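Listed below are the residues making up each chain.
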Amino acid sequence: HAVPASGVRLHVVPTDRVWLRDSAPTGVFDEAGHLTLLSWAFNGWAKYDNYHLDAKVGAAVAAVTGAPRVEPSRADGAGRIVLEGGGIEVNGVGTVLVTEEWLLSGVQVRNPGLVRADYERLFAEWLGADRTIWLGEGCVGDDTHGHIDDIARFVAPDVVVLAHEADPADENHRRSLDNLRRLERASQAPGHAPFRVATLPFPRPVIMNGERLPASYANFYLANGVVLVPTFNDPNDRVALNTLAGLMPDRQVVGIHAVDLVWGLGTLHCLTQQEPASRG
């Protein structure tokens, strides 16, 4: 693919799965603008037992990069905080998007005992997010039980793009309509900067062995100057690519066939975890 080898470094690190969005650390900046890696505890999405190699990815990334690593702990002293990068979406200026399904339901519980206010405090403490916007449910087929990165993403500090299903017969319609209404209310909330809500379609359902997979164009990855967007051999591929190109005209939009990837219950954003450059 004519990728310059000088721009690529390969490191062999054993893992249980490829989904580094959730097992790798989250990069944040301290007050001096220096990069720190937040190495959340990882427990296999509170669903699988084989995650012990994935739980070591944070330390491996810190060793490779030389960046300092911190393990966020619960304020009540009950151990480390369990979070996954695919569950949090930030705009870089103090707002974080999450879902109630991911953190507040009784299924696949990450941090037993923590409630809405606890999460909002830890987002403020560890992510510098003074505002948390709670959406409802994630998309149908999401193995993580409600990750945000299949449904709502910031494309600018004041622009959110939401995966919205127009067909009332599709279960994603009810979910996405509820999320759209939540975002519209949040965008008009007094005391907060307004933001724009744009929508992406869903592709037609992708089914394997009778199971619906979490196929979503919202699982795109923002890299330096480009947007990598999962595509599914669907007429809505063009709609999604054009929509994102219009929202981010300064970036090259590249579609990547992702039907094979989504068989593993994730696509491009799930595979990746960016490392921000230090500001200091």
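This text goes with the structure placed above it.
Keep in mind it's a predicted model, so treat the numbers as computed, not measured. (Residues numbered from 1 in each chain as written. Predicted model: local features only at pLDDT ≥ 70, side-chain atom pairs only at ≥ 80, totals over all residues. Heavy atoms only, no water.)

Undergrad: Could you give an account of the sheet that holds strand β5 (residues 95–99), with specific residues and numbers?
TA: Within the open sheet, the three strands sit side by side as β4-β5-β6. Their pairing is mixed. Looking at the sheet topology across the chains shown, the edges are occupied by β4 (89–90) and β6 (131–135). Here β5 pairs with β6 via five bridges, running parallel. Counted as the bridge partner of L97 is I133 from β6. On the sheet, helix α4 (residues 116–127) packs against β5 and β6 and is oriented at approximately 135° with respect to β6. Where helix α5 (residues 171–187) meets the sheet, it contacts β5 and β6, and its direction lies at approximately 155° from that of β6. (Pairing = 2+ DSSP bridges. Helix = DSSP H or I, 4+ residues; strand = E, 2+ residues; numbered from the N terminus. Contact = heavy atoms within 4.5 Å. Axes fitted to C-alpha atoms, helices over the stretch in contact; angles between N-to-C directions.)

Undergrad: Explain α4 to me, using residue names and the numbers behind them.
TA: In an α-helix, one turn spans 3.6 residues, which is why side chains three or four residues apart end up on the same side. Between its first and last C-alpha, α4 extends 16 Å over twelve residues, near the 16 Å set by a 1.5 Å rise per residue. For α4, the complete set of buried residues consists of D118, Y119, L122, F123, W126 and L127. All buried residues of α4 fall inside an arc of 135° around its axis, so they share one side. Residues of α4 that are exposed and angled more than 90 degrees away from the buried face: R121 and E125. Where α4 is buried, its residues meet β1 (26–29), β2 (35–38), β3 (69–70), β5, α3 (100–103) and β6. (Expected span 1.5 Å × (residues − 1). Buried < 20%, exposed > 50% of the residue type's maximum accessible area, 1.4 Å probe, protein only. Arc of directions from axis to C-beta.)

Undergrad: Describe the side chain of H145, listing the residues and the values that go with them.
TA: Assignment of secondary structure puts H145 in the loop between β6 and β7 (152–156). According to the relative accessible area criterion, H145 is buried, its value standing at 17%. At a separation of 3.5 Å, a polar atom in the side chain of H145 contacts the side chain of E101. In this view, H145 contacts E101, W102, S105, V107 and Q108; residues no more than four positions away in its chain are not counted. (Polar contact = N/O pair within 3.5 Å; in protein donor to acceptor, adjacent residues only side chain to side chain.)

Undergrad: Which residues make up the pairing of β2, and what values go with them?
TA: Here β2 shows no split at all, with L35 and L37 on one side and T36 and L38 on the other all buried. Both β1 and β2 contribute to a ladder of four bridges, which runs antiparallel. Residue pairing across strands places T26 opposite L38, the latter belonging to β2. Following β1, the chain reverses through five residues before pairing antiparallel with β2; G33 in that reversal takes a positive phi of roughly 85°. In this structure, β2 lies alongside β3, joined through two bridges in parallel fashion. Residue pairing across strands places L37 opposite R69, the latter belonging to β3. Taken together, β2, helix α2 (residues 57–65) and β3 form a β-α-β motif whose crossover is right-handed. (Right-handed = clockwise from strand over helix to strand, strands pointing away.)

Undergrad: Go over unusual backbone geometry, please, and point to the residues and values.
TA: Phi at Q108 is positive, roughly 50°, even though this residue is not glycine. Counting through the fold element by element, Q108 comes out in the loop between α3 and α4. The class of Q108 is buried, set by a relative accessible area of 14%. Even without being glycine, N233 reaches a positive phi, approximately 55°. Along the chain, N233 turns up in the loop between β13 (226–231) and α6 (236–247). A relative accessible area of 57% means that N233 is categorised as exposed.

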